[in-house]
Amino acid sequence: MDLNLTTEEQAFQDDVRGFLRANIPPAIKRKVDLGLKLVKDDYVVWQRILYEQGWIAPGWPKEYGGPGWSPVQRFLYEEELAAASSPRLITFGLKMLGPVLIEFGTPEQKAHYLPRILASEDWWCQGFSEPGAGSDLASLTTRAVRDGDHYIVNGQKTWTTLAQYADWIFCLVRTSNEGKKQQGISFLLIDMKTPGVTVRPIKTLDGGQEINDVFLENVKVPAENLVGKENDGWTIAKFLLSHERFGIAGVARSKKQMERVRDIAGKEMKRGRPLIEDARFRERMAEVEIELTALEMTELRLLSEEAAGRKPGPEASILKLKGTQVQQGITELLLEAVGNRAHAFDPGILEDEWPGMGNDGPPVPEHAATVASHYFNWRKASIYGGSNEIQRSIIAKAILGL
Amino acid sequence: MNFTFSDEQILIRDMAERFFRDDYGLDVRRKHQALPGGFCRETWARFADMGWLALGIPEDLGGIGGGTVDMAILMEAMGGGLAVEPFLATVVLGGTLIRDGARPDIQADLLPRLAAGELHLSFAYSEAQSRYDLNDVRTRAKADGSGFVLDGAKTVALHAGTVDKIAVTARTSGGERDDGGITIFLVDADAPGLTVTDYPTVDGLRAGDVALDGVRVDAEAVLGAVDGGLPLAEAAIDRAAALVSAEAAGLMAALTRDTVAFLKERKQFGRPLGDFQALQHRATEMYMDTELTRSLAYMAAVRQDGDDRPAARRAASQAKAKAGQAGRLIGQEAVQLHGGMGVTDEMPVGHYFKRLTLIDHSFGDRAHHLDRLADMA
């Protein structure tokens, strides 16, 4: 056990830190620091910078374009990305479909899609949830019927994040009603430009628009877009949901957000002193930091085991569950820190440029403008990707044997 | 950077777990508690044979080396084993103070005896008014010729009634809560004027209150520097806080294991309790908090051996505060999920719960460590 970096790890960290800080476009950094809306271009511009550097897909095997880093290097990279105010890298292609194709794809699928994911040429979105299939995902009813060289797809996907930007969607579709409900599911790649695909935005409680309904009406999909075997999609879905444990806890970003808490608490006043000097508030910060450090050390333990050759197991559920609790705990601290400044709502924060909406918005200080919106928005974290109740059931079953 | 055990550490862990599984247990514990002094001297000798008492003592001083992580592995196993033997008092507290503060010739005399199981130690640092603050010291030591004379009263010194020597904090200068002016003296337990009121503790161990009435000591009894004892005491208590957090993790793991087993076995409404989702999810919280506590305990253990004192202090407080919160949750939930059986003396669950609760009241509770973290932030 050693929590110090080796000389090589230190050199790696310096290298990564230097590059990221020197190359992140200031306008993007500002948006991330203030929690402002990022648009497609922001993500793509930044991801291409990382792509050119060879760092866009740290989890991919080297032969497919990964950098060949050790778990510790990947851990440090995540840390430096967050510290440099990097936007979240869009996971759908890089952390979901990419690993799926590497594991289950045909040589043709790999050769076609993987380079395009790396270069951010295709924006992918995820077509899993349906109005009737949330936590009980296997009860999905979107139907794909084989018709010669094609499938004809009918149904509806929902909660589809950033579908408005997407070129492609990977979908779980029902290809059979025989046997258990998990057995008749297939994994299909659908071009969003295909006739019959309609995207309808869903406005969320923070006022933002990042999730959508996706309607599929007689959508004609080439049979070669099937990944893996027909009716074997559930295996792929489970692989996708459990494969990627790196960064699932969001530790690096939460550390960065704690800096934001400190920063805001240094600006807001209480009884004539900066809030950061208030003992009760400092204690609240300490409580969240304990959980955050415990999470970080648990992630390190799991990564060390993985580096020593142990296969990733259901412990990843702890990272998701506790990780989102910590993230939400920090949104509460931020909200508490801004005090009554939480009230004023400036719709401009939902737009690409802020400020710059003229003088008609309320006078919200820069550090407080997005805090309430962020708090409300982040309730999603304990719901998506397998709700925290589902994670508890996974732990109860797979680890405790209940 | 890595967070895995070495091969030697895995050996220590496996040996300790095997010992407590095969040769210890609630019945053995009860027998040991009933012996004079509240623990078993033959078992203590076995600890010495297995090298446990020499852990953390440098090889040139009669130990087998190793660091705080090795001791944490042992403490975690002792937690799960509900050991009543005075490892914490003698090896962790006493051993650390002598390692860090005694003159080389005194180290050379005492540490081999400690490693051999022939020397028992206690650390008397708290007083009636001090709560968990190490600097709140009223006991006075007046210079007297080349030595000192000690007067005062210390509270809840672990195993003080059965030890050979007691390390005592006393004020050699300054006011009651000054950081400077505290000196640590290693006093013979049979010194004239020293009396110990020995009593059992709620969690099945022994402790004692120590009265010092004109106790004379030589200059060589001083551990560390005169007036400079606080950092020494603080480092020892931080190390102990990290290590009882590991012990707490062992207790939590045992409670979670027993509770899950009970949920699988106990049937109500025609099916095992473990079929009920409400109970599954509560068991899951117990499991997760056990793992989080364990992670922080080992981080704190690693930090105690580094050069960065603020990081060591912070890590000890984080681990101890987490152990306090998680210990309460897991202890209470284990009793609740055991139903009526949880409140009996017969089942191990109540004994784990009591030790876990009293750990929160040792070396600073959650509130104390949150205060400390808030001061550091």
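Residues numbered from 1 in each chain as written. Chains lettered and ligands numbered in written order. Predicted model: local features only at pLDDT ≥ 70, side-chain atom pairs only at ≥ 80, totals over all residues.

**Brief notes about the overall build of chain B**
1) Next: Helix and strand counts for chain B stand at 11 helices and 10 strands.
2) Next: On C-alpha atoms alone, chain B measures out to a radius of gyration of 21 Å, which is about the 21 Å that the 2.2 N^0.38 rule sets for 377 residues.
3) Next: Dimensions of chain B, computed from the C-alpha atoms along their principal axes, are close to 80 × 45 × 45 Å.
4) Next: Looking at chain B as a whole, 56% of its 377 residues qualify as buried.
5) Next: In chain B, the share of contacts with a sequence separation of at least 24, taken over all contacts with a separation of at least 6, comes to 74%. (Helix = DSSP H or I, 4+ residues; strand = E, 2+ residues; numbered from the N terminus. Rg over C-alpha atoms; globule rule 2.2 N^0.38 Å. Buried ≥ 20, exposed ≤ 12 C-beta atoms within 10 Å, placed from the backbone. Contact = placed C-beta atoms within 7 Å.)

**Some thoughts on the overall build of chain A**
1) Next: On a plain count of helices and strands, chain A comes out with 12 helices and 10 strands.
2) Next: Relative to a compact globule of 402 residues, whose C-alpha radius of gyration would be 21 Å, chain A shows 22 Å and is just as compact.
3) Next: Principal-axis analysis of the C-alpha atoms places the extent of chain A at approximately 75 × 55 × 45 Å.
4) Next: Burial analysis of chain A (402 residues in total) assigns 42% to the buried set.
5) Next: Across chain A, every contact between residues at least 6 apart in sequence was considered, and the portion connecting residues at least 24 apart equals 72%.

**Remarks on the interface of chain B and chain A**
1) Next: In this complex, chain B contributes 31 residues to the contact, which on the side of chain A involves 32 residues.
2) Next: Going through the elements one at a time, α7 (230-265), α8 (277-304), α9 (309-337) and α11 (366-376) of chain B are the ones with two or more residues in the side of chain B that touches chain A.
3) Next: With 14 residues, the top contributor of residues to the side of chain B that touches chain A is α8 of chain B.

**Concerning the domain arrangement of chain B**
Residue and element names in this part refer to chain B.
1) Next: In terms of domain boundaries, chain B breaks down into domain 1 (7-119), domain 2 (122-228) and domain 3 (231-376).
2) Next: Counting residues at the interface gives 13 residues for domain 2 and 13 residues for domain 3.
3) Next: Considering only residue class, the side of domain 2 that touches domain 3 consists of 7 nonpolar, 5 polar and 1 charged. (Domains from an automatic or database assignment. Nonpolar A, V, L, I, M, F, W, Y, C, P; charged D, E, K, R; others polar.)

**Comments concerning the domain arrangement of chain A**
Residue and element names in this part refer to chain A.
1) Next: Its domain assignment divides chain A into domain 1 (7-89), domain 2 (124-231) and domain 3 (245-399).
2) Next: Placing the centre of domain 1 and that of domain 3 at their C-alpha centroids yields a distance of 20 Å.
3) Next: Contacts between the two partners involve 15 residues from domain 1, matched on the other side by 18 residues from domain 3.
4) Next: Top contributing element to the side of domain 1 that touches domain 3 by residue count: helix α4 (residues 71-83), with 8 residues.
5) Next: Grouping the amino acids of the side of domain 1 that touches domain 3 by side-chain chemistry returns 8 nonpolar, 3 polar and 4 charged.

**A short note on the packing of helix α1 (residues 7-23) of chain A against α4 of chain A**
All names here are of chain A.
1) Next: Running from N to C, α1 and α4 point in directions that differ by 30°, and their axes come no closer than 10 Å. For the element pair α1 / α4, the angle class is roughly parallel. For the element pair α1 and α4, the recorded crossing hand is right-handed. Each of Glu9, Phe12, Gln13, Val16, Arg17 and Leu20 in α1 lies in contact with α4, whose residues at this interface are Val72, Gln73, Leu76, Tyr77, Glu80 and Leu81. (Axes fitted to C-alpha atoms, helices over the stretch in contact; angles between N-to-C directions. Parallel < 35°, antiparallel > 145°, perpendicular 65-115°, else oblique. Left-handed = near helix turned anticlockwise from the far one by under 90°.)

**Some remarks on the nonpolar core**
1) Next: Ranked by size, the top nonpolar core spans 180 residues in total, and within it Ala72 and Phe185 of chain B carry the most contacts.
2) Next: The dominant element in this core, judged by the number of residues it contributes, is α7 of chain B, at 22 residues.
3) Next: Apart from residues no more than four positions distant in its own chain, Ala72 of chain B is found in contact with Ala242, Leu243, Ala246, Ala297, Tyr298 and Ala301 of chain B.
4) Next: If you look at the next biggest cluster of nonpolar residues, it comprises 52 residues, including Ala133, Leu137, Ile185 and Val214 of chain A. (Core = buried A, V, L, I, M, F, W, Y, C linked by C-beta atoms within 7 Å.)

**Re helix α9 (residues 279-307) of chain A**
Residues and elements named next belong to chain A.
1) Next: With 29 residues, α9 ought to run about 42 Å at 1.5 Å a step, and its terminal C-alpha atoms sit 41 Å apart, in line with that.
2) Next: A large share of α9 lies buried, amounting to 21 of its 29 residues.
3) Next: Taken from the residues just after α9, Gly309 is the one with a positive phi, measuring 105°. (Expected span 1.5 Å × (residues − 1).)

**Quick look at helix α7 (residues 233-243) of chain A**
Residues and elements named next belong to chain A.
1) Next: Turning to α7, its buried residues number three or more, namely Gly233, Ile236 and Leu240. Each buried residue of α7 sits inside an arc of 60° when the element is viewed along its axis, so together they form one side.
2) Next: For α7, the elements touching its buried residues are α5 (91-104), β4 (168-174), β5 (185-191) and β8 (226-227). (Arc of directions from axis to C-beta.)

**Observations regarding the pairing of strand β2 (residues 140-144) of chain B**
1) Next: Sheet topology note: the β2 of chain B/strand β3 (residues 147-158) of chain B ladder contains 5 bridges and is antiparallel. Across the sheet, Asp144 of chain B pairs through a bridge with Gly147 of chain B, a residue of β3 of chain B. (Pairing = 2+ DSSP bridges.)

**Comments concerning the packing of helix α12 (residues 388-399) of chain A against α8 of chain B**
The axes of two packed helices give the description: the angle between them and the distance between them.
1) Next: Running from N to C, α12 of chain A and α8 of chain B cross one another at 80°; their axes reach a closest spacing of 9 Å. The angle between α12 of chain A and α8 of chain B places the two elements in the roughly perpendicular class. Counting all contacts with α12 of chain A, which are made through Arg392, Ser393, Ile395, Ala396 and Ile399 of chain A, the residues of α8 of chain B involved are Gln277, Gln280, His281, Ala283, Thr284 and Tyr287 of chain B.
2) Next: The residue makeup of the contact of α12 of chain A with α8 of chain B, split by class, is 5 nonpolar, 5 polar and 1 charged.

**Things to note about the confidence of the model for chain B**
1) Next: Mean pLDDT over chain B stands at 97; residues scoring 70 or higher make up 100%.
2) Next: Overall fold confidence for the complex sits at a pTM of 0.95, while the interface term, ipTM, reaches 0.95. (pLDDT = per-residue confidence, 0-100.)

**Things to note about unusual backbone geometry**
1) Next: In this structure, Trp159 of chain A takes a positive phi of about 60° despite not being glycine.
2) Next: The residue Trp159 of chain A is located in the loop between β3 (150-157) and β4 in this model.
3) Next: The backbone of His159 of chain B sits at a positive phi, close to 55°, despite the residue not being glycine.
4) Next: Mapped onto the secondary structure, His159 of chain B falls in the loop between β3 and β4 (165-171).

**Quick word on the environment of Gly179 of chain A**
1) Next: Along the chain, Gly179 of chain A falls in the loop between β4 and β5.
2) Next: When the C-alpha atoms of Gly179 of chain A and Lys255 of chain A are compared, they prove to be 47 Å apart, with 76 residues separating the residues in sequence.

**Considerations on the environment of Tyr24 of chain B**
Residue and element names in this part refer to chain B.
1) Next: As for its position among the elements, Tyr24 is in the loop between α1 (7-22) and α2 (26-34).
2) Next: Considered as a pair, Tyr24 and Leu82 are 58 residues apart in the sequence and their alpha carbons are 8.5 Å apart.
3) Next: Look past the residues within four positions of Tyr24 in its chain and what remains in contact with it is Phe19, Arg29, Gly81 and Ala83.

**Some points on the environment of Trp55 of chain A**
All names here are of chain A.
1) Next: Relative to the helices and strands, Trp55 resides in the loop between α3 (40-53) and α4.
2) Next: For Trp55, a count of 18 C-beta atoms within 10 Å translates into the label partly exposed.
3) Next: Along the chain, Trp55 and Pro195 lie 140 residues apart, while their C-alpha atoms are 35 Å from each other.
4) Next: When neighbours within four sequence positions are excluded, Trp55 is seen to be in contact with Leu50 and Pro67.

**A short note on the pairing of strand β6 (residues 194-200) of chain B**
Residue and element names in this part refer to chain B.
1) Next: As paired strands, β6 and strand β7 (residues 206-217) are joined by 7 bridges and run antiparallel to one another. The partner of Val196 across the bridge, within β7, is Val210.
2) Next: Connecting the antiparallel pair β6 and β7 is a turn made up of 5 residues, with Gly204 showing a positive phi of about 95°.

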